[in-house]
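Observations on chain architecture
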Amino acid sequence: METISENRCFGGTQGVYRHESAVTGCDMTFGVFMPAEAEEGPVPVLWYLSGLTCTHENAMIKAGAQAWAAEQGLAIVFPDTSPRGEGVADDAAYDLGQGAGFYVNATQQPWAKHFRMWDYIADELPRIVTANFSVDEERQSITGHSMGGHGALTLAMSLPGRFRSVSAFAPICHPTTSTWGRKQFTAYLGADESRWAAHDATLLMKNWGLDIPLLVDTGASDQFSEHLMTEKLAEAALARRVPATFRLHKGYDHSYFFVSTFMEDHIDFHAEALWA
């Protein structure tokens, strides 16, 4: 693992690191914020998954998460959203290819060789983080924005026991019926829609429910609301009698101004579960 940068941040350290990934077959970059408490022993960790067009850097710089994480003594991991580099497949559209991994393992060409973001987030990167940073393997939670919210929800529901809580900012909730989903799933997973269900939070909620705390925030003025379908996930949670909090915020859109406004709430939400 190569250290790209490390900066003092709210009494802790914000670092950026690069490693050669056996899963994606290319170099991957990620950020880690470590609070001051990590100098004394392992701390709980919150995973933050970013959205379309983003890298590890967007949330790291724009979300304002470090201040609140430092206050609660939490580490935060900021992974990239896709494989990148020369020889990695891409597309001219912003919502497919590099920057748009959708947190799935692609099975179709030309994507299958590198686009294995599910295995990368679920397995490889956690092993690298726990081997190199003072984080507690037993106390982990996950959150994300937009496509990253989709990833956070599907990982939390598919890996029972891994996370203590899950939250999302404006997540893509029902991608098998959304423009942000059908296009990408067809490209990455093929035309057989039965293979898509494992990556649809609404369908997972309908079929399996959720046994950890859930918080979802969406802006009432979100310009991409037709792609998100938050109400479908809320309906599924209600039908399964899953305790969850869904909030709709008047005047807020899809931007990081929205994310940063409610980041403190999400950090506090996860801290309550992680320190319990």
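Model, not experiment: these values are computed from the prediction.

A short note on the packing of helix 4 (residues 147–158) against helix 6 (residues 201–208)
Axis separation between helix 4 and helix 6 bottoms out at 9 Å; the angle between their running directions is 25°. With respect to helix 6, the element helix 4 is oriented roughly parallel. Crossing of helix 4 against helix 6: the hand is left-handed. Residues Leu 153, Thr 154, Met 157 and Ser 158 of helix 4 lie in contact with helix 6, whose contacting residues are Ala 201, Leu 204 and Met 205. Split by residue class, the contact of helix 4 with helix 6 holds five nonpolar, two polar and no charged.

Section: helix 4
Over its 12 residues, helix 4 runs 16 Å from end to end, which matches the ideal 16 Å to within 8%, given 1.5 Å per residue. Among the 12 residues of helix 4, 11 are classified as buried, and the element is accordingly described as predominantly covered. Here helix 4 has its buried residues at Met 147, Gly 148, Gly 149, His 150, Gly 151, Ala 152, Leu 153, Thr 154, Leu 155, Ala 156 and Met 157.

What about the nonpolar core?
Counting 90 residues, the largest nonpolar core has Phe 30, Tyr 48, Ile 142, Val 166, Tyr 188 and Met 205 as its most contacted members. Residues contacting Val 166, with those up to four places away along its chain left out, are Ile 142, Ala 152, Leu 153, Ala 156, Leu 210, Ile 212, Pro 213, Leu 214, Leu 215, Phe 269 and His 270.

Focus on the pairing of strand 3 (residues 27–34)
Across the eight residues of strand 3, seven count as buried, placing the element largely inside the fold. Note that strand 2 (residues 12–20) and strand 3 share eight bridges and pair antiparallel. From the neighbouring strand, Gln 14 faces strand 3, where its bridge partner is Phe 33. Pairing of strand 3 with strand 5 (residues 75–78) involves three bridges; the strand directions are antiparallel. Within strand 5, the position partnered with Val 32 by the bridge is Val 77.

A word on the pattern of salt bridges
A complete count under the given rule lists 11 salt bridges for this structure. For Glu 2, the salt bridge is made with Arg 18, and the minimal N-O distance between the two is 3.0 Å. With a gap of 16 residues between them, Glu 2 in strand 1 (residues 2–9) and Arg 18 in strand 2 connect regions that are remote in the sequence. Glu 39 is the partner of Arg 8 in a salt bridge, and the nearest nitrogen-oxygen pair spans 3.7 Å. Residue Arg 8 is found in strand 1, and its partner Glu 39 is found in the loop between strand 3 and strand 4 (43–49); the two are separated by 31 residues along the sequence. Given the relative accessible area of 59%, Arg 8 is considered exposed.

Some words on the side chain of Asp 136
Mapped onto the elements, Asp 136 comes out in strand 6 (residues 135–144). A distance of 2.8 Å separates the side chain of Asp 136 from the backbone nitrogen of Glu 138, its partner in a polar contact. A polar atom in the side chain of Asp 136 sits 2.6 Å from the side chain of Arg 139. Those residues in contact with Asp 136 that lie beyond four places of it in its chain are Pro 42, Val 43, Pro 44 and Val 45.

Thresholds applied
- Residues numbered from 1 in each chain as written.
- Predicted model: local features only at pLDDT ≥ 70, side-chain atom pairs only at ≥ 80, totals over all residues.
- Heavy atoms only, no water.
- Axes fitted to C-alpha atoms, helices over the stretch in contact; angles between N-to-C directions.
- Helix = DSSP H or I, 4+ residues; strand = E, 2+ residues; numbered from the N terminus.
- Parallel < 35°, antiparallel > 145°, perpendicular 65-115°, else oblique.
- Left-handed = near helix turned anticlockwise from the far one by under 90°.
- Contact = heavy atoms within 4.5 Å.
- Nonpolar A, V, L, I, M, F, W, Y, C, P; charged D, E, K, R; others polar.
- Expected span 1.5 Å × (residues − 1).
- Buried < 20%, exposed > 50% of the residue type's maximum accessible area, 1.4 Å probe, protein only.
- Core = buried A, V, L, I, M, F, W, Y, C linked by side-chain atoms within 4.5 Å.
- Pairing = 2+ DSSP bridges.
- Salt bridge = Lys/Arg side-chain N within 4 Å of Asp/Glu carboxyl O.
- Polar contact = N/O pair within 3.5 Å; in protein donor to acceptor, adjacent residues only side chain to side chain.

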